[in-house]
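Per-entry structural report
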Amino acid sequence: MTPQKVVIFDTTLRDGEQVPGCKLNTAEKVSLAVQLEQLGVDVIEAGFPISSPGDFESVRQIGATIRDAIVCGLSRAVLKDIEVAAEALKGARRPRIHTGIGTSDFHIRSKFNSTREVILERVTQCVRWARNFTDDVEFYAEDAGRTDNEYLARVIEAAIRAGARTVNIPDTTGYCLPQQYGEKIAYLVNHVPNIDKAIISCHCHNDLGLATANAIAGVIAGARQIECTINGLGERAGNTSLEEVVMVLRQHRDLGLYTNVRPQELNPISRLVSETMRMPVQPNKAIVGANAFSHSSGIHQDGFLKNAQTYEIISPEEVGAEQSRIVLTARSGRSALAYRFQKLGYQYVRDDIDFLYEAFLKVADTKKEVNEEDLLQLAQSYASAQ
Ligand code: KIV
Ligand code: ZN
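Residues numbered from 1 in each chain as written. Chains lettered and ligands numbered in written order. Predicted model: local features only at pLDDT ≥ 70, side-chain atom pairs only at ≥ 80, totals over all residues.

A closer look at the overall build of the protein
- Secondary structure summary: the protein contains 14 helices and 12 strands in total.
- Expressed as lengths along the three principal axes of its C-alpha atoms, the size of the protein is roughly 85 × 40 × 40 Å.
- The buried share among the 386 residues of the protein stands at 46%.
- Put simply, of all contacts in the protein between residues at least 6 apart along the chain, 71% involve residues at least 24 apart. (Helix = DSSP H or I, 4+ residues; strand = E, 2+ residues; numbered from the N terminus. Buried ≥ 20, exposed ≤ 12 C-beta atoms within 10 Å, placed from the backbone. Contact = placed C-beta atoms within 7 Å.)

So this is what it looks like as structure tokens:
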């Protein structure tokens, strides 16, 4: 089976920037866009041009700067929005307009006070209008996660007929289970007659902690684009995390799917985004968290020191992280203690370690982590007692 590419659509600068406190200025956005292109993403969603003059200018400057990746601007299914997005993207070498509308009954009835038939007409109208400005139009069916599959299939068929080349199926509220989301994508693959004319995109939110699992279920079912953000930033509990989906597909090559993202850049860009947006990464975050390659319990440390793969499925070098850490706590064992002493230049034999271990545990029980200074003191006391 020839591996198939999954397009990586990064929305850190649009959905990611919607996080309270994460607002970026134009210079910060342009500089992050350059790094995202270096990372190897295929599409950069640069912003929502009609939302503010500042966002318009950011999209304009990113479009004028980025040469290889597609630069995308978001719009609602409103003709003026689409025109403004097109204007902002005028200087882009590969512009994409991302337009769409809510398709669940919550959106149709509560938000628009409308009907399914009227919304269908707006789908056709907005995609057709966007096609006047670029061939690369992506349509989103907001809240597709809670949209009835039969109606969603009609919406997607209409969007493709009107000229959408990518059809985005957002689980806007992070509601779906992976199996449900996968079935939704499979339903579209099997029931939309012109589906082969477009790429299906997964855009999943993390309200139940399932955004990555859902996006992966989507590509297993036939989608070929994932919308994601660095560090999983995004509205409320966030979006699918870019680093997670990239590494899931690398770890599970048997799925026959790959991306063009350079994994060694994942940790550097995670740090850069965290610093620029002033949004710390949780320590236990997969791939890029401070503890992603730390081992602290005795059983794990012993296994890791014998063979790193016993407890690590990814090596830190592969994802540009710092070396794995053996952290000393009251749960650590003798091999970890010997290893850390060895790193400080002390070559202790078994009897030494047995003795030192008792003293170590007394210190460890009083602290969260036993550090280098504590170890040097233990070594000194041991030497004086000899
Ligand atoms: O979550 C969502 O539905 C979105 C769309 C605007 C694509 O972000
Ligand atoms: Zn979203």
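Section: the site of ligand 1
- Near ligand 1 the following residues occur: Asp15, Tyr140, Glu142, Asn168, Pro170, Thr172, His203 and His205.
- Elements that contribute at least two residues to the shell around ligand 1 include exactly strand 6 (137–142) and strand 7 (166–171).
- Considered class by class, the residues forming the shell around ligand 1 number two nonpolar, four polar and two charged. (Near = placed C-beta within 6 Å. Nonpolar A, V, L, I, M, F, W, Y, C, P; charged D, E, K, R; others polar.)

Thoughts on helix 6 (residues 149–162)
- Helix length check: helix 6, at 14 residues, gives a terminal C-alpha distance of 20 Å against a target of 20 Å (1.5 Å per residue), a fit within 8%.
- Among all positions in helix 6, only Leu152, Val155, Ile156, Glu157, Ala158, Ala159 and Ile160 are buried.
- Looking at the packing, one finds that the buried side of helix 6 touches helix 5 (116–131), strand 6, strand 7 and helix 7 (178–191).
- Positive backbone phi, approximately 120 degrees, marks Gly163, located one or two places after helix 6. (Expected span 1.5 Å × (residues − 1).)

Some remarks on unusual backbone geometry
- Positioned with a positive phi, Asp143 is a non-glycine residue whose angle comes to about 65 degrees.
- Tracing the backbone shows Asp143 in the loop between strand 6 and helix 6.
- Residue Asp143 is classed as buried on the basis of its 22 C-beta neighbours within 10 Å.

A word on the sheet that holds strand 3 (residues 43–47)
- Read around the barrel, eight strands follow the order 2-3-4-5-6-7-8-9 and close on themselves; strand pairing throughout is parallel. Direction aside, neighbouring strands of the sheet carry axes that sit 25 degrees apart on average.
- Two elements, strand 4 (residues 70–76) and strand 5 (residues 95–102), share six bridges in a ladder whose sense is parallel. The residue of strand 5 that forms the bridge with Val71 is Pro95. (Pairing = 2+ DSSP bridges. Axes fitted to C-alpha atoms, helices over the stretch in contact; angles between N-to-C directions.)

Let's talk about the packing of helix 12 (residues 334–343) against helix 13 (residues 350–364)
- Where helix 12 contacts helix 13, the two axes come as close as 10 Å, and the packing angle between them is 100 degrees. Comparing their axes, helix 13 and helix 12 come out roughly perpendicular. Every residue of helix 13 that contacts helix 12 at Arg334, Leu337 and Ala338 is listed here: Ile353, Leu356, Tyr357 and Phe360. (Parallel < 35°, antiparallel > 145°, perpendicular 65-115°, else oblique.)

Considering the UniProt feature "domain: Pyruvate carboxyltransferase" (unreviewed entry) in the protein
- Per the UniProt record, "domain: Pyruvate carboxyltransferase" (unreviewed entry) is annotated on residues 6–267.
- Segment residues 6–267 splits into 42% helix and 18% strand. End C-alpha atoms: 21 Å apart. (UniProt positions renumbered as here; feature names shortened; annotations may be inferred.)

Re the environment of Val273
- As for its position among the elements, Val273 is in helix 10 (residues 266–277).
- Residues Val273 and Leu13, 260 residues apart in the sequence, show an inter-C-alpha distance of 9.9 Å.

Looking at the pairing of strand 2 (residues 7–10)
- Relative to strand 9 (residues 225–228), strand 2 runs parallel, the two sharing four bridges. Looking at strand 9, one finds that Ile8 is bridged to Ile226.
- Here strand 2 pairs with strand 3 via two bridges, running parallel. What sits directly across from Asp10, in strand 3, is Ile44.
- Regarding topology, helix 1 (residues 26–39) serves as the crossover connection from strand 2 to the parallel strand 3, and that connection is right-handed. (Right-handed = clockwise from strand over helix to strand, strands pointing away.)

Comments concerning the nonpolar core
- Within the largest apolar cluster, 95 residues are counted, with the highest numbers of intra-cluster contacts made by Ile44, Val71 and Ala159.
- If we ignore the near neighbours within four places in the chain, the residues touching Ile44 are Asp10, Leu13, Ala33, Leu36, Glu37, Ile62, Ile66, Ala69, Val71 and Cys72.
- The next biggest cluster of nonpolar side chains, apart from the first, holds 10 residues, and it includes Ala336, Ala338, Leu375 and Leu378. (Core = buried A, V, L, I, M, F, W, Y, C linked by C-beta atoms within 7 Å.)

Examining the pairing of strand 9
- Taking every second residue as pointing to the same face, both faces of strand 9 are buried, with Gln225 and Glu227 on one and Ile226 and Cys228 on the other.
- In this sheet, strand 9 lies alongside strand 8 (residues 199–204) in parallel orientation, the contact comprising three bridges. For Cys202, the partnering residue across the bridge sits in strand 9 and is Ile226.
- For the crossover from strand 8 across helix 8 (residues 211–220) to strand 9, the handedness is right-handed.

A word on the environment of Arg253
- Residue placement: Arg253 occurs in the loop between helix 9 (242–251) and strand 10 (257–258).
- A sequence separation of 93 residues divides Arg253 from Ile160, and the C-alpha atoms of the two residues are 31 Å apart.

Topic: helix 2 (residues 53–65)
- Helix length check: helix 2, at 13 residues, gives a terminal C-alpha distance of 18 Å against a target of 18 Å (1.5 Å per residue), a fit within 8%.
- Inspection of helix 2 places Asp55, Phe56, Ser58, Val59, Arg60, Ile62 and Gly63 among the buried residues, and these make up the whole buried set.
- Packed against the buried residues of helix 2 are helix 1, strand 3, strand 4, helix 3 (79–88) and strand 5.

Some remarks on the environment of Asp81
- Position of Asp81 among the secondary structure elements: in helix 3.
- Sequence spacing of Asp81 and Ser51 is 30 residues, and the spatial spacing of their C-alpha atoms is 8.8 Å.
- With residues up to four places along the chain from it excluded, the contact list for Asp81 reads Ile50, Ser75 and Arg76.

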